[in-house]
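# Reading the structure
Chain residues, written in single-letter form:
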Amino acid sequence: LDNPNLKVVLITGCSSGIGLRIAVMLAKDEQKRYHVIATMRDLKRKDKLVEAAGDAYGKTLSLAVLDVCSDESVKQCIDGIKDRHVDILINNAGIGLVGPLESIPIEEMKKVFETNFFGVIRMIKEVMPDMKKRRGGHIIVVSSVMGLQGVVFNDVYAASKFAMEGFCESLAVQLLKFNVTLSMIEPGPVHTEFEAKMIQDVRQKEYPGADPDTIHYFKNVYLPSSVDIFEVLGQTPDDIARVSTVHCVTLGPSLCLKSTCIICEFVFSPVGL
Ligand SMILES: NC(=O)C1=CN([C@@H]2O[C@H](COP(=O)(O)OP(=O)(O)OC[C@H]3O[C@@H](n4cnc5c(N)ncnc54)[C@H](OP(=O)(O)O)[C@@H]3O)[C@@H](O)[C@H]2O)C=CC1
Ligand SMILES: CC1=C(/C=C/C(C)=C/C=C/C(C)=C/C=O)C(C)(C)CCC1
């Protein structure tokens, strides 16, 4: 893990889904170009990653604790890296939130922004100054198609990703002056725990405060359509990992990269429920 020729890649949210697959794909890079620091907020959830990494674990992949919602955790993690040197930062950690707005407590909405928006900013603030000093570095943000187009009943989640898009579009321009590139990946639906968590969440909730028509629209019209859309258009986390790998290798990547064009055709055409 001490090979100075390897690019140091730090990824957030590697206990499952897209983060896990990006970590494994980069750690198993045939040309052995990367030393991956796969982070997660709770190391008790490391088993799936360790198993998928196989021989790469302990060689080109190491683990670290990192909660993107905690200043202290972020600082401790970066301080623990040799010379605080991160070549590529992949901001992947994120949470979803779906349902009628009336029934969602503000605290739950704040948690979405704290993770998806301020979590990314917290990470960037910690590594960007060193990247600027070194005149080199790459920051990747896993945004979403919902950072480009709102989707019914995903109001707050979409807002958190839209906020991220505005932030990145602005910051990317300044960073170019320092040879630091910033890019976003905008996936459509991906089969991960994200989808399972959403379904489980919906089963548990009663939606207090929402009127019967809205609950009907959400449960009997939106949800079945959403399940169908995941079935028809859903990508695998490996599809997204491949796009991310291209981002890591390319020297002058574009600011935005859609993982699938099909979903964009869907969301940009005037379809109603
Ligand atoms: N799945 C989809 O359809 C799409 C997902 N995305 C985005 O992709 C990203 C990854 O999601 P995906 O892999 O699908 O979902 P998963 O739920 O499988 O993975 C999310 C990861 O984020 C971690 N995480 C959540 N909160 C924190 C936190 N405070 N600090 C550190 N890690 C945290 C989770 O860790 P823990 O195990 O501790 O909960 C988990 O490892 C997200 O940003 C999501 O918005 C974008 C488009 C589509
Ligand atoms: C129901 C419905 C839609 C739903 C899209 C969905 C469910 C997209 C999910 C995207 C995800 C999960 C992104 C994560 O970041 C469309 C296509 C807008 C068309 C109108 C009907």
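Residues numbered from 1 in each chain as written. Chains lettered and ligands numbered in written order. Predicted model: local features only at pLDDT ≥ 70, side-chain atom pairs only at ≥ 80, totals over all residues. Heavy atoms only, no water.

### Focus: the UniProt feature "active site" (unreviewed entry) in the chain
With numbering aligned to this structure, UniProt lists the feature "active site" (unreviewed entry) at Tyr-157. Topologically, Tyr-157 is positioned in helix 6 (residues 155-176). Non-local contacts of Tyr-157, meaning those with residues more than four positions away in its chain, are made with Ile-95, Gly-96, Leu-97, Val-112, Asn-116, Ser-144, Met-146 and Phe-194. (UniProt positions renumbered as here; feature names shortened; annotations may be inferred. Helix = DSSP H or I, 4+ residues; strand = E, 2+ residues; numbered from the N terminus. Contact = heavy atoms within 4.5 Å.)

### Some remarks on the layout of surface pockets
Here the second largest pocket defines a volume of roughly 440 Å³. Every residue lining the second largest pocket is counted, 21 residues in all, and those nearest its centre are Val-8, His-35, Ile-37, Ile-81 and Lys-82. Mapped onto the lining of the second largest pocket, the elements with two or more residues apiece are strand 2 (34-40), strand 3 (61-65) and helix 3 (71-79). At four residues, the largest contribution of residues to the lining of the second largest pocket is made by strand 3. (1 Å grid on protein atoms, 1.4 Å probe; cavity = no way out; pocket = protein on both sides within 12 Å on 5 of 7 lines; lining within 4 Å. Points joined across faces, edges and corners; volume = space filled by probe spheres on them.)

### Focus: the side chain of Thr-192
With respect to the secondary-structure elements, Thr-192 resides in the loop between strand 6 (180-186) and helix 7 (193-204). The buried category is assigned to Thr-192, whose relative accessible area is 17%. Residues within four places of Thr-192 in sequence aside, it is in contact with Gly-17, Ile-18 and Pro-237. (Buried < 20%, exposed > 50% of the residue type's maximum accessible area, 1.4 Å probe, protein only.)

### Some thoughts on the packing of aromatic side chains
What the rule picks out here adds up to nine aromatic pairs. Relative to Phe-218, the ring of Phe-153 has its centre 4.9 Å away and its plane inclined at 65 degrees; by these criteria the two rings are edge-to-face. Here Phe-153 is found in the loop between strand 5 (137-142) and helix 6, whereas its partner Phe-218 is found in helix 8 (residues 212-233), with 65 residues between them in sequence. Summarising the burial analysis for this pair, Phe-153 and Phe-218 share the class buried. (Phe/Tyr/Trp six-rings, centres within 6.5 Å; stacked < 30°, edge-to-face > 60°.)

### Some points on the site of ligand 1
Neighbouring residues of ligand 1: 31 residues in total, closest Ser-15, Arg-45, Tyr-157, Thr-192 and Lys-197. Within the contact set of ligand 1, an oxygen atom lies 2.6 Å away from a side-chain nitrogen or oxygen of Lys-197. Considered on its own, ligand 1 offers 890 Å² of accessible surface; in the complex 96% of this is hidden by protein. For the shell around ligand 1, the elements supplying multiple residues, two or more each, are helix 1 (17-27), helix 6 and helix 7. (Near = heavy atom within 4 Å. Polar contact = N/O pair within 3.5 Å; in protein donor to acceptor, adjacent residues only side chain to side chain. Areas by Shrake-Rupley, 256 points an atom, 1.4 Å probe, with all protein chains shown as cover.)

### Some remarks on helix 4 (residues 106-116)
For helix 4, every residue scored as buried is listed here: Met-109, Val-112, Thr-115 and Asn-116. Looking down the long axis of helix 4, one finds its buried residues gathered within 130 degrees of arc, a one-sided arrangement. Turned more than 90 degrees off the buried face of helix 4, the exposed positions are Ile-106, Glu-107 and Lys-111. (Arc of directions from axis to C-beta.)

### Let's talk about the nonpolar core
By size, the foremost hydrophobic cluster in this structure holds 31 residues, and its most contacted members are Leu-10, Leu-89, Met-123 and Ile-139. Those elements giving two or more residues to this core turn out to be strand 1 (7-11), helix 3, helix 5 (118-134), strand 5, helix 6 and strand 6. When residues of this core are assigned to their parent elements, the largest contribution, seven residues, is made by helix 5. Excluding residues within four positions of it along the chain, Met-123 makes contact with Leu-10, Thr-12, Leu-66, Val-68, Val-74, Ile-78, Leu-89 and Asn-91. The next biggest cluster of nonpolar side chains, apart from the first, holds 27 residues, and it includes Tyr-34, Val-36, Ile-185 and Val-190. (Core = buried A, V, L, I, M, F, W, Y, C linked by side-chain atoms within 4.5 Å.)

### Some remarks on the packing of helix 4 against helix 6
Interaxial distance between helix 4 and helix 6 falls to 9 Å at its minimum, and their mutual angle equals 30 degrees. It follows that helix 4 is roughly parallel to helix 6 by the angle criterion. Considering how the two elements wind past one another, helix 4 and helix 6 form a crossing that is right-handed. Within the contact between the two elements, helix 4 uses Met-109, Val-112, Phe-113 and Asn-116 and helix 6 uses Val-156, Tyr-157, Ala-159, Ser-160, Lys-161, Ala-163 and Met-164. The residue makeup of the contact of helix 4 with helix 6, split by class, is eight nonpolar, two polar and one charged. (Axes fitted to C-alpha atoms, helices over the stretch in contact; angles between N-to-C directions. Parallel < 35°, antiparallel > 145°, perpendicular 65-115°, else oblique. Left-handed = near helix turned anticlockwise from the far one by under 90°. Nonpolar A, V, L, I, M, F, W, Y, C, P; charged D, E, K, R; others polar.)

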